[in-house]
Amino acid sequence: MEIVTIEIAKKLKTKGFPQGNEDDITRLYYQISDNLQSAIMLSEGKDVKWYCPSISEVLKWLRDEKNLFVYPSTVQLPEDERLGERSGKRMWDFSVDDLNIDDCIFESQSKYHSYEEAAIAGIEWVLDNILV
């Protein structure tokens, strides 16, 4: 189960994402200090700041509560020496559908190395561009 980054967890909280069960300390982030950008996942009784959901929980919330379908999909890059490492490899991208109108509202032009990277990029795109 892959979880979202702390930056996304912070954005999700401001957008109304349910903050989960506080008894589940393995799924909570808390800030260590004002200067530290990273967080750890055990609260040990300290002040919990953000719930950290899995990618699938966020994708389900976007579908069920916001009527937005973020879906990563595979793409095969063409064989081209100029592309170097990426040449001919299977990569990932994402699209976003508005389920209210059953239409695609965004198609990523960026390529990602994994499903999880594409899903996180799609979630972040929605948070930054749709759920403002």
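A few points on the structure. (Residues numbered from 1 in each chain as written. Predicted model: local features only at pLDDT ≥ 70, side-chain atom pairs only at ≥ 80, totals over all residues. Heavy atoms only, no water.)

1. Considering the overall build of the protein chain
Looking only at helices and strands, the protein chain features three helices and six strands. Of the regular secondary structure in the protein chain, the N- to C-terminal order runs α-β-β-β-α-β-β-β-α. Across the protein chain, contacts joining residues at least 24 apart in sequence account for 54% of those joining residues at least 6 apart. Just so you have it, the protein chain exposes about 8000 Å², and 47% of that area is on carbon and sulfur atoms. (Helix = DSSP H or I, 4+ residues; strand = E, 2+ residues; numbered from the N terminus. Contact = heavy atoms within 4.5 Å. Areas by Shrake-Rupley, 256 points an atom, 1.4 Å probe, with all protein chains shown as cover.)

2. Observations concerning unusual backbone geometry
A negative phi angle characterises most non-glycine residues, just as the trans form characterises most peptide bonds. The residue asparagine 67 is not glycine, and still its phi comes out positive at about 55 degrees. Relative to the elements of secondary structure, asparagine 67 occurs in the loop between helix H2 (55-66) and strand S4 (68-76). Positive phi outside glycine occurs at aspartate 102, with the angle close to 50 degrees. Note that aspartate 102 resides in the loop between strand S5 (90-98) and strand S6 (103-107).

3. A look at a nonpolar patch on the surface
Judged by side-chain polarity, Ile101, Ile105 and Ile130 come together as a nonpolar surface patch covering roughly 240 Å² of accessible area. What makes isoleucine 130 partly exposed here is its relative accessible area of 35%. (Patch = residues over 30% accessible without salt bridge, like charges linked within 9 Å, V, L, I, M, F, W, Y side chains within 5 Å. Salt bridge = Lys/Arg side-chain N within 4 Å of Asp/Glu carboxyl O. Buried < 20%, exposed > 50% of the residue type's maximum accessible area, 1.4 Å probe, protein only.)

4. Thoughts on the packing of helix H1 (residues 6-14) against helix H3 (residues 115-129)
Running from N to C, H1 and H3 point in directions that differ by 40 degrees, and their axes come no closer than 11 Å. Crossing of H1 over H3 shows left-handed handedness. In contact with Ile8, Lys11 and Leu12 of H1, H3 contributes Ile120, Ile123, Glu124, Leu127 and Asp128. Across the contact of H1 with H3, the residue classes break down as five nonpolar, no polar and three charged. (Axes fitted to C-alpha atoms, helices over the stretch in contact; angles between N-to-C directions. Left-handed = near helix turned anticlockwise from the far one by under 90°. Nonpolar A, V, L, I, M, F, W, Y, C, P; charged D, E, K, R; others polar.)

5. Overview of the sheet that holds S6
Pairing within the open sheet is antiparallel, and its three strands lie in the order S4-S5-S6. Each edge of the open sheet is held by one strand with a lone partner, namely S4 and S6. When strand polarity is set aside, the average angle formed by the axes of neighbouring strands in this sheet is 35 degrees. Pairing between S5 and S6: four bridges, direction antiparallel. The residue of S6 that forms the bridge with aspartate 98 is aspartate 103. Contacting S4, S5 and S6, H3 crosses the sheet at an angle of about 30 degrees to S5. (Pairing = 2+ DSSP bridges.)

6. Considering the packing of aromatic side chains
For the structure shown, the criterion picks out six aromatic pairs. On the numbers, 5.1 Å between centres and 75 degrees between planes, the contact of phenylalanine 17 with tryptophan 61 is edge-to-face. Of this pair, phenylalanine 17 sits in the loop between H1 and strand S1 (28-31) while tryptophan 61 sits in helix H2; the two residues are 44 residues apart in sequence, bridging distant segments of the chain. Just as phenylalanine 17 is buried, tryptophan 61 falls in that class too. Note on phenylalanine 94 and phenylalanine 106: the rings are 5.8 Å apart at their centroids and 35 degrees apart in plane angle, and the pair reads as tilted. (Phe/Tyr/Trp six-rings, centres within 6.5 Å; stacked < 30°, edge-to-face > 60°.)

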